[in-house]
Every structure is written in structure tokens, then in C-alpha cells.
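The lines below spell out each chain.
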Amino acid sequence: MTTTIKKAGNKFYVGEDVKSPLAEITYVESSRSLVVIDHTYVSDELRGQGIAGKLLEQVVLYAREHQKKIKPLCVFAKKRMEETVEYHDVLAR
């Protein structure tokens, strides 16, 4: 199954409706140089397909493109970013 990740406002999401997505990762730009990931959600329908990781990857790419660091408050994002060496360049310490 091909999953299309879309961006709207301060979120990346999967689904037809931005207001009730099948999966999403949300963030707040707390300063010019910092993105705070505050929430990740994946519906039962999509769970187990690596969607949360793909959503996180989009935030990482966004941060790199805009020269920002990421502070992950969401438990999933924090754990994944700490475990993934390739993300350490954008991880705020």
C-alpha cells in the first residue's frame, strides 16, 4: 500500500481530511531555530506499517531544509530520534 504524506500548517498527515487524519505528527515552531514535536498518532487501520517513522522523517527533512533543530516532546519521536544516529544532526540537546 502506498501512503501519501501531506503537509498542512504545523503537521504532516495521512488521510483525506486534515481535521481527522488516519495518522499525523504535529509540531510547534517555538523559535526561529527550533521545532517542538508534540504529538504523533496512527490509527489502528495503519498501525504496524511504519507510518509514524515516515511522518517523523518528514519533520526531520523539514528541519534540515529550514536549518532548525528538533525538540521531541512526544514519547515516540523522542525515543526514535535518540535511537537513530542519522537524526542526531537535528536533535536539540
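Everything that follows concerns the structure shown earlier in this document.
Please read these numbers as outputs of a predicted model, since none were measured by experiment. (Residues numbered from 1 in each chain as written. Predicted model: local features only at pLDDT ≥ 70, side-chain atom pairs only at ≥ 80, totals over all residues. Heavy atoms only, no water.)

J.: Sorry if this is basic, but what is going on with the packing of aromatic side chains here?
T.: We describe a pair of aromatic rings using the distance from one ring centre to the other and the angle between the two ring planes. Summed over the entire model, instances satisfying the criterion amount to three aromatic pairs. Relative to Y62, the ring of Y27 has its centre 5.5 Å away and its plane inclined at 40°; by these criteria the two rings are tilted. One end of the pair, Y27, is in strand 3 (residues 23–31); the other, Y62, is in helix 1 (residues 51–65), with 35 residues separating them in the sequence. Three or more aromatic residues link up through ring pairs in this structure, and these residues are F12, Y27 and Y62. Seen from the ring of F12, K7 lies directly overhead, with NZ or CZ sitting 5.6 Å from the centre. (Phe/Tyr/Trp six-rings, centres within 6.5 Å; stacked < 30°, edge-to-face > 60°. Helix = DSSP H or I, 4+ residues; strand = E, 2+ residues; numbered from the N terminus. Lys NZ or Arg CZ within 6 Å of the ring centre and 35° of its normal.)

J.: Help me out: how do you make sense of the packing of helix 1 against helix 2 (residues 75–83) in this one?
T.: For any two helices packed against each other, the geometry comes down to the angle between their axes and how far apart the axes lie. Two elements in contact, helix 1 and helix 2, have axes whose closest approach is 11 Å; the angle formed by their N-to-C orientations is 75°. When the axes of helix 1 and helix 2 are compared, the pair comes out roughly perpendicular. Taken together, the residues of helix 2 that come into contact with helix 1 (itself represented by A52, G53, L56 and V60) are F76, A77, R80 and M81. Class assignment for the residues of the contact of helix 1 with helix 2 results in six nonpolar, one polar and one charged. (Axes fitted to C-alpha atoms, helices over the stretch in contact; angles between N-to-C directions. Parallel < 35°, antiparallel > 145°, perpendicular 65-115°, else oblique. Contact = heavy atoms within 4.5 Å. Nonpolar A, V, L, I, M, F, W, Y, C, P; charged D, E, K, R; others polar.)

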